[in-house]
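# Report on the structure
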Protein chains: 2
Amino acid sequence: MKSILMKSLLALLLITNAAFAADPLPSWNDTAPKKAIVTFVEQVTREGSPNFVPPAERIATFDNDGTLWSEQPMYFPQAFTFDRIKALAPQHPEWKEKQPYKAVLEGDMKTALSTSERALLEVEIVVHAGNTTEEYAQIVTDWVATAKHPKTDRHYTEMVYQPMLELLAYLRTNGFKTFIVSGGWIDFMRPWSERIYGIPPEQVIGSSIKTKFELRNGKPVLVLLPEINLIDDNVGKPVGINQYIGRRPIASFGNSDGDLQMLQWTTAGSGARFALLVHHTDAEREWAYDRTSSNGRLDKALDEALAKGWAVVDMKNDWKIIYPFEK
Amino acid sequence: MKSILMKSLLALLLITNAAFAADPLPSWNDTAPKKAIVTFVEQVTREGSPNFVPPAERIATFDNDGTLWSEQPMYFPQAFTFDRIKALAPQHPEWKEKQPYKAVLEGDMKTALSTSERALLEVEIVVHAGNTTEEYAQIVTDWVATAKHPKTDRHYTEMVYQPMLELLAYLRTNGFKTFIVSGGWIDFMRPWSERIYGIPPEQVIGSSIKTKFELRNGKPVLVLLPEINLIDDNVGKPVGINQYIGRRPIASFGNSDGDLQMLQWTTAGSGARFALLVHHTDAEREWAYDRTSSNGRLDKALDEALAKGWAVVDMKNDWKIIYPFEK
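A brief look at the structure comes next. (Residues numbered from 1 in each chain as written. Chains lettered and ligands numbered in written order. Predicted model: local features only at pLDDT ≥ 70, side-chain atom pairs only at ≥ 80, totals over all residues. Heavy atoms only, no water.)

Looking now at the overall build of chain A. Helix and strand content of chain A: 13 helices and seven strands. Relative to the 2.2 N^0.38 estimate, which gives 20 Å for 327 residues, the radius of gyration of chain A is 21 Å and therefore close to what a compact globule would have. Buried residues in chain A amount to 54% of all 327 residues. Once local pairs closer than 6 in sequence are excluded, the contacts in chain A between residues at least 24 apart make up 65%. Summed over its atoms, the accessible surface of chain A is roughly 14,000 Å², and 54% of this surface lies on carbon and sulfur atoms. (Helix = DSSP H or I, 4+ residues; strand = E, 2+ residues; numbered from the N terminus. Rg over C-alpha atoms; globule rule 2.2 N^0.38 Å. Buried < 20%, exposed > 50% of the residue type's maximum accessible area, 1.4 Å probe, protein only. Contact = heavy atoms within 4.5 Å. Areas by Shrake-Rupley, 256 points an atom, 1.4 Å probe, with all protein chains shown as cover.)

A side chain of one charge can pair with a side chain of the opposite charge if their charged atoms are brought near each other. Considering all chains together, one arrives at 34 salt bridges over all chains under this definition. A single salt-bridge network, built from bridges that share partners, covers Lys177(A), Arg247(A), Glu194(B) and Glu202(B). (Salt bridge = Lys/Arg side-chain N within 4 Å of Asp/Glu carboxyl O.)

Residues and elements named next belong to chain B. Read from one edge to the other, the open sheet built from seven strands follows the order β4-β3-β2-β1-β5-β6-β7, with strand pairing classed as mixed. Strands at the two margins of the open sheet, each flanked by one partner only, are β4 (219–230) and β7 (311–314). Sheet twist, expressed as the average angle between the axes of neighbouring strands with direction ignored, equals 30°. As paired strands, strand β3 (residues 204–216) and β4 are joined by eight bridges and run antiparallel to one another. Considered in β4, the bridge of Leu 215 is made with Pro 220. Across the sheet, helix α2 (residues 32–45) touches β5 (251–254), β6 (274–279) and β7, and the angle it forms with β6 is around 155°. With respect to the sheet, helix α10 (residues 236–244) is in contact with β1 (59–62), β2 (177–185), β3 and β4, its orientation differing from that of β2 by roughly 130°. (Pairing = 2+ DSSP bridges. Axes fitted to C-alpha atoms, helices over the stretch in contact; angles between N-to-C directions.)

Here we come to the packing of helix α3 (residues 76–88) of chain A against helix α7 (residues 133–146) of chain A. All names here are of chain A. The interhelical angle for the contact between α3 and α7, taken along N-to-C directions, is 105°, at an axis separation of 11 Å. The angle between the axes of α3 and α7 places the two elements in the roughly perpendicular class. On α7, the residues touching Phe 76, Ala 79, Phe 80, Asp 83 and Arg 84 of α3 are Tyr 136, Ile 139, Val 140 and Trp 143. Of the residues in the contact of α3 with α7, the class split is seven nonpolar, no polar and two charged. (Parallel < 35°, antiparallel > 145°, perpendicular 65-115°, else oblique. Nonpolar A, V, L, I, M, F, W, Y, C, P; charged D, E, K, R; others polar.)

Structure, rendered in structure tokens:
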């Protein structure tokens, strides 16, 4: 009795929903990438389809920098870190003579960013370590609420891609669980990912710093240590996916060579699989860069996408608008 | 139009559901722990209640060994590992003279289990390393399907606690997201956690081994390395929770001193919080042990539970049945 009544009501609800459904991807032109997305989603969600995938296995993973929001003229997490250097400088007089701190404090971003990867990683450790996880989350929240992008004068979280927000929602409506799998720092994304992307912290995977449990005056805290836990980029992305999700995504979305292994890992599974690259081709509305860019270089992954028939978004031609504020 | 119709149907659905609701915890006696659970859940789910918690923040974490299934006469993951030693022994003639392998192969479990923690960890590394993640998952799946418990002659996955299965379902019905946070190995639990507990792999946190991405004949694989990634026990539990979930649970469930820090971390948050310990008091239907047991020792955590008023399940008096097969 209960079961039949419930099922009838649920069916009615679904029919009502479908009857009123509008285009779920209104900011996408009706070009190849949109068609490929819709075809894939219909295949894996239609019961009886040979490519049907049960909801629990509908895992979709998204890179963040350059895939869900912009990444020029520098990665946004890097902008945050450089602002942290400025904020902490009064406690570190020695930074006036030490790179890359010196360059950051002098506003010489070119020199700062040309420092070795190792030196930049060392900076991340310095900026993180010693804070409790809650203190760090508050620092991030405050920065996100106030910092502005040098070109658009918008908050960084306004510079997310409207078409990708629609895609995230469309996938979730179709029973997908959406994850971020980013080379960026996990504790930089989690404080705002739910509000901006609808992705809760437990579905955000990123590079991370080790933590240590302590009792401070009887109150438990987790303290960030000066030690890397995971670099969630390149070959680290499938590692992060396995560690956090424990099953293979059926769809992955990226924009650079740092996403190549994630897309390989995703598409190597059996059944219907989907891979998409966002190609930055719009110098007017956003930025245009690919094979030779220092940020978000797209070279090997573009070749593999073309060879394997992965979807490639040409931002200039496939997206009606870039940012939500253009609406 | 759409929105109003949808909301009306949804409301009707919820009312229908409530009208037919039976006792969600039928295997629990109407004693203090059940009352405490129901009171807590009603508090955090009732809109307008001062202790209301939005669904996204309703995170509940469960220890596994001794909390969701039995852990005697040895931890079940340990039984699996010892069976792996037997299976791999033909390739390792040197094990005949090396502890704890020698004792395991001779069936001398007492000696095997009295080996140092370090030696037992070394065994785990040996048993894991070199397999791909998919090979390892298959080995676990095969073992779970065939291995039997020495006392009950039941499959290990039949020795889960019926009252806890009801509790997991009850919490999920009330919008909670249920996670396992276990000292046991993550890749030992994930292949069956969804089928047995309704907990998908991405909500299973445990101790883990590092992995490495490789292309083998052009096919991407993740290979288990001879290196520990995380020991998710004691002080490691809040670390694992932060790493995987990124927000503090509002309810935690354990049974031993290994869960103490998880319960401290959970209850130190603001607003309504819930902590529960399963106390093994039933020597007839299960096992009776606490302060001096080598497995699942419950000593400091029991003192803290009594001091802080955490719920404590007396298995003998609070649970009508222990295992599903008693129904």
